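# Notes for the structure review
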Amino acid sequence: MNAPDPKADLHFYLQSARDALLWKFEGLSAYEVRRPLTPTGTNLLGLVKHVAGVELGYLGDTFGRPSGEPLPWLEDGAEANADMWANADESREYIVELYHRAWAHADATIDALALETIGTVPWWPSSRNEVTLHHAVVRVIADTHRHAGHADILRELTDGAVGMNRNNDSMAPGDAAWWAKHRRRLERTAEEAGRRA
């Protein structure tokens, strides 16, 4: 067993979520990465735009380390939910590059400060807006993994591609026919349970 290194552990799980989220873009068109696939408009590019702002906020501004990145979609008076989709002028390349810059800025904060460092979350109520760096990093990891899970589903709905990451699909073995049969079985089970209820 290696000596404990909490920052390395936190960084590993943060980076794995970042990589998984961006991997879901590979091979998709500009339309497909923007396409809203849920009733609330959830889309792949919007998820990345959102988590870039999350990292810059929680692992930058909260600890007095503003990035200087203009994020007009998060300013007072911005359209509600503007961080969850990209307009036609915000290219995939722009959003991905912004996310990479957010990573670098967040990683620099994690490297520079002790995990016990106290920060102030500007958008939280003043009665409970102080957090440790450790808390903020865990929050960002949880949020990024949550959105990587959303991206898993969106990608499967887009073109059927599945998998946890580039090197591990984490799926049961089976071809398209096996999965179709499996899905039909689940549908029958759900119908039976519905009748019983």
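Everything here concerns the structure above.
So, here's what we can say about the structure. Computed from a predicted model, the values in this text were never measured in an experiment.

### So, the overall build of the protein chain
- When its secondary structure is counted, the protein chain shows six helices and two strands.
- Seen through its principal axes, the protein chain has C-alpha atoms that stretch 55 × 50 × 40 Å.
- A fraction of 73% describes how many contacts in the protein chain between residues 6 or more apart in sequence connect residues 24 or more apart.
- Considering the protein chain, the positive charge centre built from 21 side chains and the negative charge centre built from 29 side chains are found 9 Å apart.

### Looking at the pattern of salt bridges
- Under the definition given, this model contains seven salt bridges.
- Taking the shortest distance from any N to any O, the salt bridge between aspartate 152 and lysine 24 comes out at 3.0 Å. Highlighted residues: aspartate 152 in helix H5 (residues 133–159) and lysine 24 in the loop between helix H1 (6–23) and helix H2 (30–34), separated in sequence by 128 residues.
- Classification of lysine 24 as buried rests on a relative accessible area of 2%.
- Taken together, the salt bridges that share partners define one network made up of Arg18, Glu55 and Asp107.

### Quick notes on the side chain of threonine 144
- With respect to the helices, strands and loops of the structure, threonine 144 is situated in helix H5.
- When its relative accessible area of 0% is taken as the criterion, threonine 144 is described as buried.
- At a separation of 2.8 Å, a polar atom in the side chain of threonine 144 contacts the main-chain carbonyl oxygen of valine 140.
- Those residues in contact with threonine 144, other than ones at most four positions away along the chain, are Leu14, Ala17, Arg18, Val51 and Tyr99.

Criteria and thresholds
Residues numbered from 1 in each chain as written. Predicted model: local features only at pLDDT ≥ 70, side-chain atom pairs only at ≥ 80, totals over all residues. Heavy atoms only, no water. Helix = DSSP H or I, 4+ residues; strand = E, 2+ residues; numbered from the N terminus. Contact = heavy atoms within 4.5 Å. Lys, Arg positive; Asp, Glu negative; His and termini not counted. Charge placed at Lys NZ, Arg CZ, Asp CG, Glu CD. Salt bridge = Lys/Arg side-chain N within 4 Å of Asp/Glu carboxyl O. Buried < 20%, exposed > 50% of the residue type's maximum accessible area, 1.4 Å probe, protein only. Polar contact = N/O pair within 3.5 Å; in protein donor to acceptor, adjacent residues only side chain to side chain.

These figures capture arrangement, not role.
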